[in-house]
Amino acid sequence: MSHRPPAWRSPLRGPWLTSVFGLILLFGIPVLFVTGLLSYAAYNPDLSPVNDKTPDKGLLGFYLFSWPTHPVWLYRVTQGAHVTLGVVLVPVLLAKLWSVVPKLFERPPVRSLGHGLERLSLLALVGGGLFEFVTGVLNVQLEYVFPGSFYPLHFYGAWIFMGAFAVHVALRFPRMVRALRGRDLRAELRTPVSRTRPEPPDETGLVSPDPAPPTMSRRGALAMVGTGSAALLVVTAGQSLDGPLRNTALLAPHGREPGRGPNGFQINKTAAAVGIRARDIGPGWRLVVRGPGREVVLTREQVLRLPRHGAALPIACVEGWSTPDQRWEGVRLADLAGLVGLGGRPPGVLVESLQRHGSFRSVVLRDNQVRDPRSLLALRVNGADLSPDHGYPARVIVPNAPGVHNTKWVARLSFGRSV
Ligand SMILES: Nc1nc2c(c(=O)[nH]1)N[C@H]1C(S)=C(S)[C@@H](COP(=O)(O)O)O[C@H]1N2
Ligand SMILES: [Mo]
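As the structure is a computational prediction, the values presented were derived from the model and not from experiment.

Procedures and definitions
Residues numbered from 1 in each chain as written. Chains lettered and ligands numbered in written order. Predicted model: local features only at pLDDT ≥ 70, side-chain atom pairs only at ≥ 80, totals over all residues. Heavy atoms only, no water. Near = heavy atom within 4 Å. Polar contact = N/O pair within 3.5 Å; in protein donor to acceptor, adjacent residues only side chain to side chain. Nonpolar A, V, L, I, M, F, W, Y, C, P; charged D, E, K, R; others polar. Phe/Tyr/Trp six-rings, centres within 6.5 Å; stacked < 30°, edge-to-face > 60°. Helix = DSSP H or I, 4+ residues; strand = E, 2+ residues; numbered from the N terminus. Lys NZ or Arg CZ within 6 Å of the ring centre and 35° of its normal. UniProt positions renumbered as here; feature names shortened; annotations may be inferred. Pairing = 2+ DSSP bridges. Axes fitted to C-alpha atoms, helices over the stretch in contact; angles between N-to-C directions. Buried < 20%, exposed > 50% of the residue type's maximum accessible area, 1.4 Å probe, protein only. Core = buried A, V, L, I, M, F, W, Y, C linked by side-chain atoms within 4.5 Å. Domains from an automatic or database assignment. Parallel < 35°, antiparallel > 145°, perpendicular 65-115°, else oblique. Left-handed = near helix turned anticlockwise from the far one by under 90°. Contact = heavy atoms within 4.5 Å. Salt bridge = Lys/Arg side-chain N within 4 Å of Asp/Glu carboxyl O.

Around ligand 1, the structure places 20 residues, and the nearest of them are Gln266, Gln355, His390, Arg395 and Lys408. The contact in question runs from an oxygen atom of ligand 1 to an N or O atom on the side chain of His390, over 2.6 Å. Here an oxygen atom of ligand 1 sits 2.5 Å away from a polar atom, N or O, in the side chain of Lys408. Residue composition of the shell around ligand 1, grouped by class: eight nonpolar, nine polar and three charged.

Let us now look at the packing of aromatic side chains. Summed over the entire model, instances satisfying the criterion amount to 13 aromatic pairs. Aromatic side chains Phe33 and Trp159 sit 5.2 Å apart centroid to centroid with 85° between the ring planes, which places their arrangement in the edge-to-face category. Residue Phe33 is found in helix H1 (residues 15-42), and its partner Trp159 is found in helix H5 (residues 150-182); the two are separated by 126 residues along the sequence. A network of ring pairs unites the aromatic residues Phe33, Tyr40, Phe62, Tyr63, Phe155, Tyr156 and Trp159 as a single cluster. A cation over a ring is seen here: Arg13 above Trp98, with NZ or CZ 4.2 Å from the ring centre.

With that settled, consider the UniProt feature "transmembrane region" (unreviewed entry) in the protein. Using the residue numbers shown here, the UniProt feature "transmembrane region" (unreviewed entry) corresponds to residues 20-43, 81-101, 122-142 and 154-173. Annotated as residues 20-43, this span is 96% helix and 0% strand, and its ends, taken at the C-alpha atoms, are 35 Å apart. Each end of residues 81-101 is marked by a C-alpha atom, and these two atoms are 29 Å apart; helix forms 95% of the span and strand 0%.

With that settled, consider the sheet that holds strand S6 (residues 362-365). The strand order S2-S1-S10-S5-S6 describes an open sheet built from five strands, whose pairing is mixed. Edge positions in the open sheet fall to strand S2 (294-298) and S6, since each of these has one partner strand only. Sheet twist, expressed as the average angle between the axes of neighbouring strands with direction ignored, equals 15°. Bridging between strand S1 (residues 287-291) and strand S10 (residues 410-415) involves three bridges; their strand directions are parallel. Across the sheet, the residue bridging to Val288 is Arg412, located in S10.

With that settled, the discussion passes to the pairing of strand S7 (residues 376-381). Within S7, five of the six residues are buried, which leaves the element mostly enclosed by the surrounding structure. Bridge count for S7 against strand S9 (residues 395-397) is three bridges, and the pairing is antiparallel. Residue Leu377 lies in a different strand from S9, and its bridge partner there is Val396. One ladder, built from two bridges, connects S7 with strand S8 (residues 384-385); its direction is antiparallel. Following the sheet pairing, Val381 is matched in S8 by Ala384. Here S7 folds back onto S8, and the loop between the two strands holds two residues, one of which, Asn382, carries a positive phi near 50°.

What follows covers the nonpolar core. Formed by 54 residues in total, the largest nonpolar core has its most connected members in Phe21, Tyr63, Tyr75, Trp328 and Ile397. Here the element with the most residues in this core is H1; it accounts for twelve residues. In terms of domain composition, this core takes at least three residues from each of domain 1 (6-248) and domain 2 (272-415). Formed by 26 residues, the second largest nonpolar core is a distinct cluster that contains Leu306, Leu379, Val396 and Val398.

What follows concerns the packing of helix H3 (residues 90-104) against helix H4 (residues 113-141). Taken N-terminus to C-terminus, the directions of H3 and H4 make an angle of 150°; their axes are 12 Å apart at the nearest point. With respect to their mutual orientation, H3 and H4 come out roughly antiparallel. In this structure, H3 crosses over H4, and the sense of that crossing is left-handed. Every residue of H4 that contacts H3 at Val90, Leu93, Leu97, Lys103 and Leu104 is listed here: Arg119, Val126, Gly129, Leu130 and Phe133. Considered class by class, the residues forming the contact of H3 with H4 number seven nonpolar, one polar and two charged.

Inspection of the entire model under this criterion finds 19 salt bridges. The partner of Arg183 in a salt bridge is Glu188, and the shortest N-O contact between them spans 2.8 Å. Residue Glu188 is classed as buried on the basis of its relative accessible area of 7%. Arg308 serves as the salt-bridge partner of Glu329, at 3.0 Å between the closest nitrogen and oxygen. Placement of the pair is Glu329 in strand S4 (residues 326-332) and Arg308 in the loop between helix H8 (300-304) and strand S3 (309-313), with a sequence separation of 21 residues. The partly exposed category is assigned to Glu329, whose relative accessible area is 25%. One continuous salt-bridge network, built from bridges that share partners, spans Arg300, Arg308, Glu329, Arg380 and Asp385.

This is the structure in structure tokens:
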């Protein structure tokens with residue numbers, strides 16, 4: 001006989017309510033997982049430790065592929081969906097945990113080997129799920145609180161969570177279907193508190209043996225969770241939108257006003273925030289372009305005299321926010337490779353910025369990114385010089401790359417170098 005603490009007496013707990021929340025997560029979590037794996041691939045973590053310090057992703061990196069440069073909006077959509085959906089599912093996750101909380105405190109904790117293994121998988125499921133949501137939300141809201149370590153934490157955590165999720169779904173799917181068939185959703189949505197009754201006692205252990213009188217209907221509980229999710233959607237989704245709707249993104253990080261004019265779009269880190277001084281980006285600035293056995297040093301005037309091209313591309317940050325397309329103007333990375341004897345089919349490039357400390361001061365781009373004619377060392381945006389906060393004198397912009405790959409305040413490009 002299992003025994004439960006008398007504290008959990010809500011008459012709403014039962015397999016049906018748990019299954020409704022479970023069904024939503026059954027659809028939502030795989031989308032989070034797939035968009036998350038894509039986001040990781042987009043970093044080109046297999047190229048260089050500069051891109052990703054995950055010491056040994058080993059087998060877990062099996063799926064990595066060369067992230068494409070088109071369609072240019074792909075990362076904007078997949079990462080916007082990843083972050084927005086993750087935030088929107090928080091109330092559902094909490095409701096699901098609330099609905100099964102008596103099970104987590106079951107006594108005795110282990111009844112048999114099988115039961116013990118199941119409980120262990122639940123620990124990985126609940127722990128892994130909370131861990132993924134908490135690290136994800138913190139990363140977005142607190143501007144990279146885990147410098148350098150967010151990616152490995154969130155990545156390893158995701159695999160543990162998904163392993164436990166797969167086991168849980170395999171074990172519980174039939175029970176979920178039965179529970180959902182057992183009650184009619186529409187009838188439930190018409191049932192007020194006064195007619196709310198506990199679900200019939202069953203073998204799941206979710207229904208309280210000693211239910212308290214209802215203070216809320218199941219309809220009310222679903223409405224509360226739904227309203228929570230809808231409110232989060234409203235204050236999150238705007239961070240990827242254009243125009244006045246953008247102002248609805250109250251939860252979006254970096255809410256600071258980017259100002260108006262050609263450079264009036266979202267700024268991730270300002271020049272001041274990362275210690276870029278006026279004299280670093282003044283007339284003394286030089287661009288160093290390196291190839292095997294060759295090095296060219298250019299002033300901004302000399303860079304401006306190179307063949308100039310345009311590309312309309314967004315900035316799409318891992319944090320989920322993105323800008324609409326901006327009209328960038330600058331020199332093709334492929335042409336810069338040509339300056340050091342690597343024309344034709346240029347290799348990848350190590351991009352280093354003036355920034356001396358902090359994350360994202362350098363990145364390694366793959367050959368497919370260098371070869372795309374829209375990949376630029378941008379000097380101007382929307383018809384004006386880059387502002388210091390957007391990377392003046394020069395920044396990288398690559399189609400469909402995560403924001404972190406669009407290095408600002410570029411000082412050196414080393415073609416064919418991977419570290
Ligand atoms: N040198 C340098 N470049 C950088 C960063 C940085 O911190 N330092 N941040 C990156 C990140 S995370 C993003 S999302 C984009 C944002 O570009 P923006 O500030 O021009 O919108 O710049 C990228 N380039
Ligand atoms: Mo970013």
